[in-house]
Amino acid sequence: MTFFLTAYLLAALLPHAAKAKSHAPTGDLVLLDEYKTATCLDGSPGAYYIAESTSGSSNWVISLEGGGECVDLDSCSDRANTKYGSSNSYASTLQLEHTIQSTAATANPGFYDWNMVYVKYCSGDLHMGQQDPAKDESTVGGGMYFSGHNILAATIDSLTKNYNLTDSHSSTILWSGESAGGMGCFNSLDFVYDTFESALVVGVPVGGFYFSNEWVYGGTDENPAIDYIPWAFKDLKDYLNLWEAYIPSRCAVARPDAPHECLIAEGLYDSLAAPVFVVEAQTDEVVMPLHDGLPSVWAEAPYPCYNEVETCPQEILDYMLLWQRNMTSFLSPLVSNDVPKKGNLLDGLFNPACLIHTSFSNTQPLIDSMHYAEAAAKWLENPGDAKDKHLHFDECEGDTVMCNPTCETK
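Here we summarise the structure given alongside this text. No experiment lies behind these values; they were computed from the predicted model shown.

Concerning the nonpolar core
Line of reasoning, step 1. Membership of the largest hydrophobic core comes to 123 residues, with the highest contact counts inside it found for Phe 111, Trp 175, Trp 231, Trp 243 and Met 320.
Line of reasoning, step 2. Tallying contributions element by element places helix α11 (residues 314-336) first for this core, with ten residues.
Line of reasoning, step 3. Once residues within four sequence positions are removed from consideration, Met 320 is found in contact with Thr 283, Met 288, Leu 294, Trp 298, Cys 305, Leu 355 and Val 401.

Okay, here's the thing in structure tokens:
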């Protein structure tokens, strides 16, 4: 099956994600043209934007851009001609609009004066590919290269050489990302953790906790949202081979016979050494149609499943409730993990009962009167706290996917 609509579905949904429209720092473009293995799908150089701290901070928020994935040659060829596959159209500056990179102390009290980096996503491989254009020109065809992990490694090297990203006991590196960037954050987090042995490296993936979904939609609606991309462990074998994806070393040891399972959080989490604060909705408005074939009737005006659960088609609601229960189940190892990690940090969670993907901002959703960036800051600032202090999740009564009153509505 050929998947042509992946990037376009996500492009329609991501622009409003997690934005703090005021106090968005301006990042300057850095092209990684001296790194010959760090290329976009079309062979143009990978890139990032940087907004240096004005306070002289030695701390960093590094966020990986989202934007879907391509899993076959036809869809990747289409993608290579867009901003998700080429850096040729990148502007010289970019407003970094995610709340966790806001320079407003009121919106982003924990991180507002840190150095901010936004790694562009142009490789189609969830920031995981390791292909070398010098060696692999004939392996993919059409001049396309999957080099997302190489771009991350080059970004770290460039920041170290040119912007004083240092391995110091006084430095904290918050490694983040949204959607595809959240998945890339999970995949590369221990790579960054091992690269900086002295600095405190923590992960804050947003909308990136994926599980092997064996329960695709099977209702009677004949109009699925798209030709969905299967996302069970057995399907990941093909994506691993296509992308030549990076496998975190600890997960490779833990799963020697199933390295493909290390591509997603369900398979990776138990082997993760770095502290992580997971930001994830209980039901996901992008993942369910994109990877499970959920029909689009629920997402069209008057948006029945967002605003009035009673008007949501029953079989759609039933599937969402099943998906919600599965998400809760696959997050349970994190919830129950009481082993402190570096910095005496226990892993944390921000898990609202909302039907969103990455629409986390400084106004919504809120849990325990905090938005996600505030909750992450308190987690990082209070090591040694009891585990439940930094587990923020909603528990709904009855059959609903949106019991949090601060959820985004349509």
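A look at the side chain of Asn 351
Line of reasoning, step 1. Mapped onto the elements of the fold, Asn 351 is located in strand β9 (residues 348-351).
Line of reasoning, step 2. You can call Asn 351 buried: its relative accessible area is 4%.
Line of reasoning, step 3. When sequence neighbours within four positions are dropped, the list of residues in contact with Asn 351 reads Glu 280, Ala 281, Gln 282, Leu 331, Ile 367, His 392, Phe 393 and Asp 394.

Some remarks on the layout of surface pockets
Line of reasoning, step 1. Of the voids in this model, the second largest pocket is the one considered here, and its volume is about 220 Å³.
Line of reasoning, step 2. Gln 282, Thr 328, Asn 351, Phe 393 and Asp 394 are, among the 13 residues lining the second largest pocket, the residues nearest its centre.
Line of reasoning, step 3. Counting only elements with at least two residues in the lining of the second largest pocket, the list comes to α11 and β9.
Line of reasoning, step 4. When residues of the lining of the second largest pocket are assigned to their parent elements, the largest contribution, six residues, is made by α11.
Line of reasoning, step 5. Residues that form the lining of the second largest pocket fall into these classes: five nonpolar, five polar and three charged.

Considerations on the environment of Leu 242
Line of reasoning, step 1. With respect to the element layout, Leu 242 can be found in helix α6 (residues 233-243).
Line of reasoning, step 2. Between the C-alpha atom of Leu 242 and that of Asp 72, which follows or precedes it by 170 residues, the distance is 7.8 Å.
Line of reasoning, step 3. Contact partners of Leu 242, with chain neighbours within four places excluded, come to Cys 70, Val 71, Asp 72, Leu 73, Gln 131 and Phe 146.

Details of the packing of aromatic side chains
The description of an aromatic ring pair uses the distance of the two centres, along with the angle that the planes make with each other.
Line of reasoning, step 1. Inspection of every chain in the model, using the stated rule, returns 14 aromatic pairs.
Line of reasoning, step 2. With centroids separated by 6.2 Å and ring planes inclined at 65°, the aromatic side chains of Tyr 210 and Trp 231 adopt a geometry described as edge-to-face. Pair noted here: Tyr 210 is in the loop between β7 (200-206) and α6 and Trp 231 is in the loop between β7 and α6, with a separation of 21 residues, a long-range link. Accessibility classification places Tyr 210 together with Trp 231 in one group, the buried group.
Line of reasoning, step 3. Of the aromatic side chains, those joined through ring pairs into one cluster are Tyr 210, Trp 231, Tyr 239 and Trp 243.

So, the state of the cysteines
Here, disulfide denotes a covalent bond that connects the sulfur atoms of two cysteines.
Line of reasoning, step 1. What the rule picks out here adds up to six disulfides.
Line of reasoning, step 2. With a sulfur-sulfur separation of 2.0 Å, Cys 354 is cross-linked through a disulfide to Cys 407. Between Cys 354 and Cys 407 the disulfide shows an S-S torsion of about -85°. By sign, it is left-handed. Here Cys 354, found in the loop between β9 and α12 (372-381), pairs with Cys 407, found in the segment after β10 (391-393); they are 53 residues apart in sequence, far enough to count as distant. For the residue pair Cys 354 and Cys 407, the accessibility class agrees, reading buried in each case.
Line of reasoning, step 3. Cysteine pairing in the protein follows 1-4, 2-3, 5-6, 7-8, 9-12, 10-11, where each cysteine in a disulfide is numbered by its order in the sequence.
Line of reasoning, step 4. Cys 185 takes part in no disulfide bond, and the closest cysteine sulfur, belonging to Cys 251, lies 15 Å away.

A closer look at the pairing of strand β1 (residues 26-31)
Remember that side chains alternate between the two faces of the sheet whenever the strand is regular.
Line of reasoning, step 1. The pairing of β1 with strand β4 (residues 93-95) spans three bridges and is classified as antiparallel. Looking at the pairing, Asp 28 lines up with Thr 93 of β4.
Line of reasoning, step 2. Direction of pairing for β1 relative to strand β2 (residues 47-51): antiparallel, over a ladder of four bridges. Paired with Leu 29 across the strands is Tyr 49, a residue of β2.

The rules behind each value
Residues numbered from 1 in each chain as written. Predicted model: local features only at pLDDT ≥ 70, side-chain atom pairs only at ≥ 80, totals over all residues. Heavy atoms only, no water. Core = buried A, V, L, I, M, F, W, Y, C linked by side-chain atoms within 4.5 Å. Buried < 20%, exposed > 50% of the residue type's maximum accessible area, 1.4 Å probe, protein only. Helix = DSSP H or I, 4+ residues; strand = E, 2+ residues; numbered from the N terminus. Contact = heavy atoms within 4.5 Å. 1 Å grid on protein atoms, 1.4 Å probe; cavity = no way out; pocket = protein on both sides within 12 Å on 5 of 7 lines; lining within 4 Å. Points joined across faces, edges and corners; volume = space filled by probe spheres on them. Nonpolar A, V, L, I, M, F, W, Y, C, P; charged D, E, K, R; others polar. Phe/Tyr/Trp six-rings, centres within 6.5 Å; stacked < 30°, edge-to-face > 60°. Disulfide = S-S within 2.5 Å. Pairing = 2+ DSSP bridges.

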